[in-house]
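Secondary and tertiary structure notes
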Amino acid sequence: MTDSTGDPRPEEPPRRPAFPRAMPPSIQPQGKARPQRPQGAAPREDLDRTQVMPRQGQPSPGRPAAYGRGAAEGAAHRPRSRAEQAPRTQPAPAPAPQRKPRRRRPSFLRIVALLLVLVAVSLGVFAFWASSQINHVDALSGAADTPGRTYLIVGSDSRDDWDDDGTEGARTDTIMVLHKPESGPVALISIPRDSYVEIPGHSANKINASFAFGGAPLLVETVEGVTNLTIDLYLEVGFNGVADMVDAVGGVELCYDEDVSDWRSRLEWEAGCHEADGETALAFSRMRYSDPLGDIGRTQRQRQVVSAVANEALSPATLLNPFTMVGLTSAGLDAFAVSEGTGVVDLARAALDLRSGLGGDAVTGTPPIRSMGYSVAGVGSTVLLDPDLEDAFWADIAAGAFEPGETVGGVG
């Protein structure tokens with residue numbers, strides 16, 4: 001073959017078929033992509049089905065979903081998912097072994113309820129026993145009631161093993177009026193036992209002589225005539241019994257600022273505060289001849305003894321100790337005699353009122369006194385109450401008109 005100049009042309013190299021150029025393995029596409037067919041080649045029906053099978057649930061990219069034998073045939077040969085598989089029949093679970101029901105432990109509230117029942121039963125038994133031990137005396141006058149609650153507290157002394165001080169007959173050593181008004185502070189007023197007063201049915205005499213003349217009823221009537229207050233509860237205390245109560249609570253602390261060596265009461269005392277047993281407390285409450293204040297000073301010490309015993313008796317250490325409480329109650333019931341109709345509840349209320357009367361907010365003192373040495377023929381030396389101030393004084397006590405903690409009365 002020659003070109004236009006007539007020279008022979010060089011032979012052209014043979015053309016390669018129009019097949020795609022094979023790529024080196026290092027840069028061949030990854031995955032299972034089907035190799036391309038040469039241009040103009042007829043489609044092959046016997047292609048490897050594994051090369052054209054689409055992934056489960058996805059058609060091959062660039063290829064119809066119904067390629068080859070169709071999606072239905074491909075779906076028939078692909079493995080079924082776990083959700084499409086028929087559920088296996090599970091064996092029925094074995095019945096759980098039955099447990100024995102546990103015993104329910106008592107709850108806190110049940111324990112508390114049980115304790116309350118036990119306490120209530122114990123208090124009921126204690127109250128029944130205490131009621132059977134109360135000593136009652138006929139004392140109240142039956143006069144019309146006056147406002148508030150009024151108690152007459154009388155301290156008596158049998159004078160066993162005590163030297164005679166010249167007093168004849170049964171006398172009272174302590175006379176105290178405890179009044180709780182409808183409003184205002186509680187008042188605890190000591191009436192000197194030698195107070196010169198009118199005694200119903202008798203001539204004027206020392207107030208404690210009324211006890212010798214007519215016992216508790218006449219004493220109550222005499223005090224009502226002096227105070228214009230009706231007595232609601234009469235409480236007689238034997239000081240020998242108070243000594244037993246002091247021993248029952250293990251002793252009490254008493255204070256007196258003078259040295260004492262009294263042969264009548266047999267009190268030996270060094271100035272100051274000391275723990276006293278029952279015998280010492282009894283002598284402490286009896287002593288008056290070695291006291292410059294005489295009967296008034298003795299009344300103050302007796303009130304101190306009663307206050308100390310009451311504070312010990314109502315303390316939690318005593319109330320929560322059944323042995324101490326029973327011993328104290330037994331000694332107290334032996335020491336006390338109360339007016340007819342007085343029960344355990346009345347005594348408990350009286351104890352609370354007395355505790356208030358012995359507290360710092362109580363009104364304390366004596367009625368107004370005109371003379372501590374008023375001499376009366378046939379009677380002797382007496383205490384003359386002030387007749388000009390008496391009635392107003394007791395009216396203020398009844399109304400609760402005094403200030404809490406105030407000391408009232410005394411020698412004017």
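Here the structure is a predicted model, which means the values were calculated and not measured.

Cut-offs used in this document
- Residues numbered from 1 in each chain as written.
- Predicted model: local features only at pLDDT ≥ 70, side-chain atom pairs only at ≥ 80, totals over all residues.
- Heavy atoms only, no water.
- pLDDT = per-residue confidence, 0-100.
- Helix = DSSP H or I, 4+ residues; strand = E, 2+ residues; numbered from the N terminus.
- Contact = heavy atoms within 4.5 Å.
- Buried < 20%, exposed > 50% of the residue type's maximum accessible area, 1.4 Å probe, protein only.
- Disulfide = S-S within 2.5 Å.

Looking now at the confidence of the model for the protein. Predicted confidence across the protein gives a mean pLDDT of 75, with 61% of residues reaching 70 or more. Looking over the protein, one finds the lowest element-wise mean pLDDT in helix H1 (residues 49-52), namely 47, and the highest in helix H11 (residues 390-399), namely 95. Low confidence marks residues 64-72, where pLDDT is under 50. Its contacts with residues over four positions away, or in another chain, come to seven contacts. Overall, residues 159-169 carries pLDDT values under 50, and its contacts beyond four positions in sequence, including any with other chains, amount to 20 contacts.

Our focus in this paragraph is helix H6 (residues 278-286). Burial of H6 is extensive: seven of the nine residues sit out of reach of the surface. By the burial criterion, the buried members of H6 are Gly 278, Ala 281, Leu 282, Ala 283, Phe 284, Ser 285 and Arg 286. Considering only its buried residues, H6 is in contact with helix H5 (239-248), strand E8 (252-256), strand E10 (267-269), strand E11 (272-276) and helix H7 (295-313).

Let's shift gears to the state of the cysteines. Counted under the stated rule, the structure contains one disulfide. Paired by a disulfide, Cys 255 and Cys 273 hold their sulfur atoms 1.9 Å apart. With the S-S dihedral at roughly 110 degrees, the linkage between Cys 255 and Cys 273 falls on the right-handed side. With Cys 255 in strand E8 and Cys 273 in strand E11, this pair connects stretches of sequence that are 18 residues apart. For Cys 255, a relative accessible area of 28% puts it in the partly exposed group.

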